[in-house]
Amino acid sequence: MTLHRTKVLIIGAGPAGYTAAIYAARANLEPILVTGLQPGGQLTITTDVENYPGFSEGVQGPQLMEEMRLQAERVGTRIIYDTIKSVKVSSDGVKAGGESGDAYESDTLVIATGAQARWLGIPGEREFGGYGVSACATCDGFFFRGKEVVVVGGGNTAVEEALYLTNHASKVTLIHRRDRLRAEPIMQKRLLAHPAVTVCWNTVVEEVVGDQQPNPAVTGLRLRDTVTGEASDLTTDGIFVAVGHDPATSLFKDILDMHEGGYIKVAPWSTATSVERVFAAGDCADSVFRQATVASAMGCMAALEAERFIAEHSALFNDGQHAPLASDLVSADD
C-alpha cells in the first residue's frame, strides 16, 4: 500500500476534474487527480464536439480530453489511475481508499465524478453510439440539420430535447412507452402543438438499425406496440435517448446532502457542499445543463474555492505556507 498526500484531492477525470486540477496546480497546490473507471468521462464516447470554445473546426471528444490531461500534467498535476472506494471527512482532513489498496490524505476534496446517461440496452445502441445514437440534443442536434430524428422518453428532459431538436431537424418523433407524458403540462402543450413533432404512444424501441459502410450511420428503428405487441419499422437518421441520467455519487450518499436523484447539493454560485472542505463540480452536481463547458467552469470554481479554504485555514495544515491565490493573481479583466 502507498500513502498519497496532497492539499487538493480530485476524484474524476472529466472536464470538471481536469480543469480543477489545472487551476490547483497553477496555484502550487500539487493536486492529485484519481481518474476513476472512465478517464475522460462521457466525452471519450463522443465523436465530434463543436460547442467547446477554442476549436474553430471542432474537436473529437477523446482528443479534447487527452489535451486536458496533458495540460493538467504539464502544470504539475499528479494523475493516478485508481478508483476511490471509500471516503471519510473529518476536522483533520480527508481520507480516501482506492481499489488498488492505496490510501489518500488531503486537506480538501473536489468531487468531479460526473454522471452517466441511462441507455435503453437494446441491440445497435452501443454499435452506433456517436454515429446517430446520442443522449444529448444540445451537444449533437447541430449534426442533424434538415434530417429526421427520434427522441425516446416521456419526462421533462425528453420533451425539452424534442423541442430543441425542432431548431435543427425537419421532423422529430417522440416515442413513449405509455399513453401519456410525465412532463409538465405547459411543456406538453408546446410539444403537442409543434408542427414538426409527432408523438408515437405506447411504443418501445427494440433495436437500432444502421449501416456500417462506408461510414457508420443509423438508418432506422425496430419498434413494438406495448398494447398490441405489433412490431413495426421506422426510418430515421438519429435517435436521442432521454430517459434520465444517474450521477456517480453513491459513494457520498451518507456524507453529503443531495437532491432527489442523487445530485450533490452545492451552495448558490459556489461548489461548496454541505461538508466543509468538500467541493463538487460538473455533472455530479449539475442536473440542469450537463455541458462540458459548464463542468469546466465549475471545476475552475472548485479549485479556487479549495485554495481559498486552504489559505484561510493554513495554520491548521502542516507547513502553514500557501502560494498567492490564483483568484488574486488573475482577474476576469486581465
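Before any of the text, the structure's been laid out above.
The text that follows walks through the structure, step by step, so that each part is easy to find. (Residues numbered from 1 in each chain as written. Predicted model: local features only at pLDDT ≥ 70, side-chain atom pairs only at ≥ 80, totals over all residues. Heavy atoms only, no water.)

## So, the overall build of the protein
A tally of helices and strands in the protein yields seven helices and 19 strands. For the protein, the C-alpha radius of gyration of 22 Å lies close to 20 Å, the compact-globule estimate for 334 residues. Scored against the burial criterion, the 334 residues of the protein give a buried share of 48%. Contacts spanning at least 24 positions in sequence make up 59% of the contacts within the protein whose residues lie at least 6 apart. Between the averaged position of the 27 positive side-chain charges in the protein and that of its 42 negative side-chain charges there is a distance of 4 Å. (Helix = DSSP H or I, 4+ residues; strand = E, 2+ residues; numbered from the N terminus. Rg over C-alpha atoms; globule rule 2.2 N^0.38 Å. Buried < 20%, exposed > 50% of the residue type's maximum accessible area, 1.4 Å probe, protein only. Contact = heavy atoms within 4.5 Å. Lys, Arg positive; Asp, Glu negative; His and termini not counted. Charge placed at Lys NZ, Arg CZ, Asp CG, Glu CD.)

## Structural notes on the packing of aromatic side chains
Under the defined criterion, the tally for this structure stands at three aromatic pairs. Taking the centre distance of 6.3 Å and the plane angle of 75 degrees together, the rings of F142 and F143 count as edge-to-face. When its relative accessible area of 39% is taken as the criterion, F142 is described as partly exposed. The exposure class assigned to F143 is partly exposed, which follows from its relative accessible area of 27%. Considering the side-chain rings of F144 and F240, the 5.3 Å spacing of their centres and the 70 degrees angle between planes classify their relative orientation as edge-to-face. Of the two residues, F144 sits in the loop between helix 3 (137-140) and strand 11 (148-152) while F240 sits in strand 17 (residues 238-241), which places them 96 residues apart along the sequence. Each of the two residues, F144 as well as F240, counts as buried. (Phe/Tyr/Trp six-rings, centres within 6.5 Å; stacked < 30°, edge-to-face > 60°.)

## Some points on the layout of surface pockets
In this structure, the second largest pocket encloses a volume near 340 Å³. In this structure, the second largest pocket is lined by 19 residues; those nearest its centre are V266, S270, A285, D286 and M298. Residue composition of the lining of the second largest pocket, grouped by class: 13 nonpolar, four polar and two charged. (1 Å grid on protein atoms, 1.4 Å probe; cavity = no way out; pocket = protein on both sides within 12 Å on 5 of 7 lines; lining within 4 Å. Points joined across faces, edges and corners; volume = space filled by probe spheres on them. Nonpolar A, V, L, I, M, F, W, Y, C, P; charged D, E, K, R; others polar.)

## Remarks on the pairing of strand 1 (residues 3-11)
Walk down a regular strand and you will see the side chains alternate between the two sheet faces. With seven of nine residues buried, strand 1 is to be regarded as a mostly interior element. Looking at chain direction, strand 1 and strand 2 (residues 32-34) are connected through three bridges and run parallel. Its bridge partner lying in strand 2, I10 is registered against L33. With helix 1 (residues 15-26) bridging strand 1 and the parallel strand 2, this β-α-β connection has right-handed handedness. (Pairing = 2+ DSSP bridges. Right-handed = clockwise from strand over helix to strand, strands pointing away.)

## Regarding unusual backbone geometry
In this structure, the amide linkage connecting Q213 to the following residue, P214, adopts the cis form with an omega of -5 degrees. In this model, E30 sits at a positive phi of 50 degrees, which is unusual for a non-glycine residue. Overall, E30 belongs to the exposed group, its relative accessible area being 62%. The phi torsion at N202 lies on the positive side, around 50 degrees, for a residue other than glycine. As for its position among the elements, N202 is in the loop between strand 13 (197-200) and strand 14 (203-211).

## A short note on the sheet that holds strand 11
Reading across the sheet, the five strands line up as 10-17-11-12-13 and stay open at both edges, with parallel pairing between neighbours. The sheet is open, and its two borders are formed by strand 10 (133-134) and strand 13, each paired with just one other strand. When strand 10 meets strand 17, the two strands line up parallel, connected through two bridges. Bridging from a neighbouring strand, S134 pairs with F240 of strand 17. Relative to strand 11, helix 4 (residues 156-165) is tilted by about 170 degrees, and along the sheet it contacts strand 11, strand 12 (171-175) and strand 17. (Axes fitted to C-alpha atoms, helices over the stretch in contact; angles between N-to-C directions.)

## Observations regarding helix 1
In a regular helix each residue adds 1.5 Å, so twelve residues correspond to 16 Å; helix 1 covers 17 Å between its end C-alpha atoms and thus fits that length. With respect to burial, helix 1 is a largely interior element, ten of its twelve residues being buried. Looking only at helix 1, the buried set comprises P15, A16, G17, Y18, T19, A20, A21, I22, A24 and A25. Each element contacted by the buried residues of helix 1 is listed here: strand 1, strand 2, helix 2 (61-74), strand 5 (78-80), strand 8 (103-111) and helix 6 (292-312). One or two residues past the end of helix 1 sits N28, with phi positive at roughly 60 degrees. (Expected span 1.5 Å × (residues − 1).)

## Some thoughts on the pattern of salt bridges
What the rule picks out here adds up to eight salt bridges. Residue E73 pairs with R69 through a salt bridge whose shortest N-O separation is 2.7 Å. Placement of both E73 and R69 in helix 2 is noted, with a separation of four residues, approximately one turn of the helix. Residue class for R69 comes out buried when judged on its relative accessible area of 15%. (Salt bridge = Lys/Arg side-chain N within 4 Å of Asp/Glu carboxyl O.)

## Overview of the state of the cysteines
Enumeration over the complete set of coordinates arrives at one disulfide. Disulfide pairing is shown between C136 and C139; the S-S distance is 2.2 Å. With the S-S dihedral at roughly 70 degrees, the linkage between C136 and C139 falls on the right-handed side. Since its relative accessible area comes to 16%, C136 is described here as buried. C284 provides the cysteine sulfur closest to C300, a residue in no disulfide bond, and the two sulfurs are 16 Å apart. (Disulfide = S-S within 2.5 Å.)

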